[in-house]
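These are the residues of each chain, in order.
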Amino acid sequence: MMAQDKELSLIVKLMYLLNFLIILYFCMVCLSTTYRICRYFSAYDFLSSVGVMPMRPWRLPMYSISLFAVLLYVSGVKRVLSSYGQIACCVGEIVLVVGIMESLNFYYSGIALVVLADLVYFINNKKIRFLVMLLLIALFVIGRYEILPMASSRVAFTSYLEYYTSSVRGILMGVESILVSLNILMFVYYMVRLFTSQKEENERIRSLYDQLKTANQKLKEYTLQLERMTEIKERNRLAREIHDTLGHTLTGIIVGGEASLALLGDRSLDAKKRIEAVVQLARDGLDDVRASIKALRPDALEKHGLEQAIKDLIAKYQKTTSVIIMYEQKAGKLEFAADEEDTLYRIIQECMTNAVRHGKASFIHICLTRNQNTLNIDIRDNGIGCSEVTEGFGLRHMQERLDLLSGSLTYGNRSKDPEDRQMGFYVIASLPVRKKEEEVTK
């Protein structure tokens, strides 16, 4: 972007230099022709042909070059002023353009193009920029085609050229045409480069926006992953708490039971008290275990049970994502230990989320089957799959849960499954289940 700014700035500087040469050209031709007319005593014939009194010879270069110098100063100083000062400078430049055109007897109006090139890059407001463009282009057209009455009342530049031979006149007109045409070509090239650079800048901004959007999406995914990691850490902490609490309780039960047996024969009353204390200790420990396990379970499982919780989860997901979910329950009555129910619920939840978020799936098939004491969860979608399967937080999260219950997990693209060969992704989890009463006894 800085290289493009330097290029545009260089073009404007070259245009100012070219316009100075053009102004100098008109001044020198008019000045030298006036002295030529006077030297050959042709003033009466010249005045009779033009019909108006021309400007004094010294005023043309003095006024035009002085105004051009002021224009250069105002153009340079406006970049370091405040907003109001910049507006005043922009208005001043337009006024100076009119002054230079008037001082040159409206021979030349190309100075409006160089000021336009400078201001159209400097002004950011679209409405003001459009008004400035419209005004300067109008000044250029008015000066070039002598539309104003005051322009027609001045001595035409071609009247000065009549006092030269045809060959010299052709050279002077050729130089004028080259200089004016070169100024217009530089202005056109400047405008093309300006709008091209703005288009490239817009594309760069759009690319940065897309990158920011991607980074934001990754940040959201990272936040979800961080939440999952936090959940895992909290679950592990609670698991250790359960282990420590339950271990301490069971140790107390064993020690108390042995002591009760030793005293039962001789002092039955003392033994009864000890047994009562042991029973109370066991009850307290069981309450602690239940409270810890409850903290690990979703609210839906606590309120409605596993069967209804899964149905509610699927119905809610279909409603919020518009994905079609086919649920087949062939495992009989879904009553398992709390940790098993929690694992099954979380696996279904995680697989549905991954199918939509990563697989862009529109259809998910969930099938639960049971083979004696092994529960099988088969979840397949019709998404895009993935070219290279890597174990992310979701899959690792499911694997950790299953490892705690001696289960297994397999997953991959359906197209690589010899029995499937369809587009999408599959997850198969196998979970050895216990009887519900074993939740406490094991």
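**Q** Can you walk me through the overall build of the chain in this structure?
**A** For the chain, the helix and strand inventory stands at 15 helices and 5 strands. Within the chain, the fraction of its 442 residues that count as buried is 38%. Pairs at least 24 apart in sequence give 72% of the contacts found in the chain among residues at least 6 apart. Of the accessible surface of the chain, which amounts to about 26100 Å², a share of 60% is contributed by carbon and sulfur atoms.

**Q** Where do I start with the state of the cysteines in this structure?
**A** Two cysteines joined by a covalent bond between their sulfur atoms form a disulfide. The full count for this structure, using the stated rule, is 0 disulfides. Counting only cysteine sulfurs, Cys89 is the nearest neighbor of Cys90, a cysteine outside any disulfide, at a range of 7.0 Å. Among the residues examined, Cys90 registers a relative accessible area of 10% and is labelled buried.

**Q** Please clarify how the sheet that holds strand S5 (residues 425-432) should be interpreted in this entry.
**A** Two pairing modes exist for strands in a sheet, parallel and antiparallel, and in both the strands are linked by backbone hydrogen bonds. Here 5 strands make up an open sheet; going across it, the order is S1-S2-S3-S5-S4 and the pairing mixed. Either end of the sheet is taken by a strand with one partner, and the two such strands are strand S1 (324-330) and strand S4 (408-413). Sheet twist, expressed as the average angle between the axes of neighbouring strands with direction ignored, equals 10°. When S4 meets S5, the two strands line up antiparallel, connected through 6 bridges. Residue pairing in the sheet places Leu409 in a bridge with Ala429 of S5.

**Q** What's the story with the packing of helix H12 (residues 306-321) against helix H13 (residues 338-357) in this structure? I'm lost.
**A** In helix packing, the relevant descriptors are the interaxial angle and the interaxial distance, both defined with respect to the helix axes. Close contact between H12 and H13 brings their axes to 10 Å; oriented N to C, the two are set at 10°. It follows that H12 is roughly parallel to H13 by the angle criterion. Considering how the two elements wind past one another, H12 and H13 form a crossing that is right-handed. Each of Leu306, Ala309, Ile310, Leu313, Ile314 and Tyr317 in H12 lies in contact with H13, whose residues at this interface are Glu341, Leu344, Tyr345, Ile348, Gln349, Met352, Thr353 and Val356. Within the contact of H12 with H13, the residues separate by chemical class into 11 nonpolar, 2 polar and 1 charged.

**Q** Looking at this structure, I do not really get the confidence of the model for the chain. What am I missing?
**A** Mean pLDDT for the chain: 79, with 78% of residues reaching 70 or above. Across residues 437-442 the pLDDT falls below 50, and counting only partners more than four positions away or on other chains, this stretch makes 6 contacts in the model.

**Q** Got a minute to help me understand unusual backbone geometry in this structure?
**A** Positive phi is not limited to glycine here, since Lys360 has a value of about 55°. Turning to its location among the elements, Lys360 is positioned in the loop between H13 and strand S2 (363-371). For Lys360, a relative accessible area of 58% puts it in the exposed group. The residue Ser406 is not glycine, and still its phi comes out positive at about 65°. Take Ser406: it is sitting in the loop between helix H14 (393-404) and S4.

Thresholds applied
- Residues numbered from 1 in each chain as written.
- Predicted model: local features only at pLDDT ≥ 70, side-chain atom pairs only at ≥ 80, totals over all residues.
- Heavy atoms only, no water.
- Helix = DSSP H or I, 4+ residues; strand = E, 2+ residues; numbered from the N terminus.
- Buried < 20%, exposed > 50% of the residue type's maximum accessible area, 1.4 Å probe, protein only.
- Contact = heavy atoms within 4.5 Å.
- Areas by Shrake-Rupley, 256 points an atom, 1.4 Å probe, with all protein chains shown as cover.
- Disulfide = S-S within 2.5 Å.
- Pairing = 2+ DSSP bridges.
- Axes fitted to C-alpha atoms, helices over the stretch in contact; angles between N-to-C directions.
- Parallel < 35°, antiparallel > 145°, perpendicular 65-115°, else oblique.
- Left-handed = near helix turned anticlockwise from the far one by under 90°.
- Nonpolar A, V, L, I, M, F, W, Y, C, P; charged D, E, K, R; others polar.
- pLDDT = per-residue confidence, 0-100.

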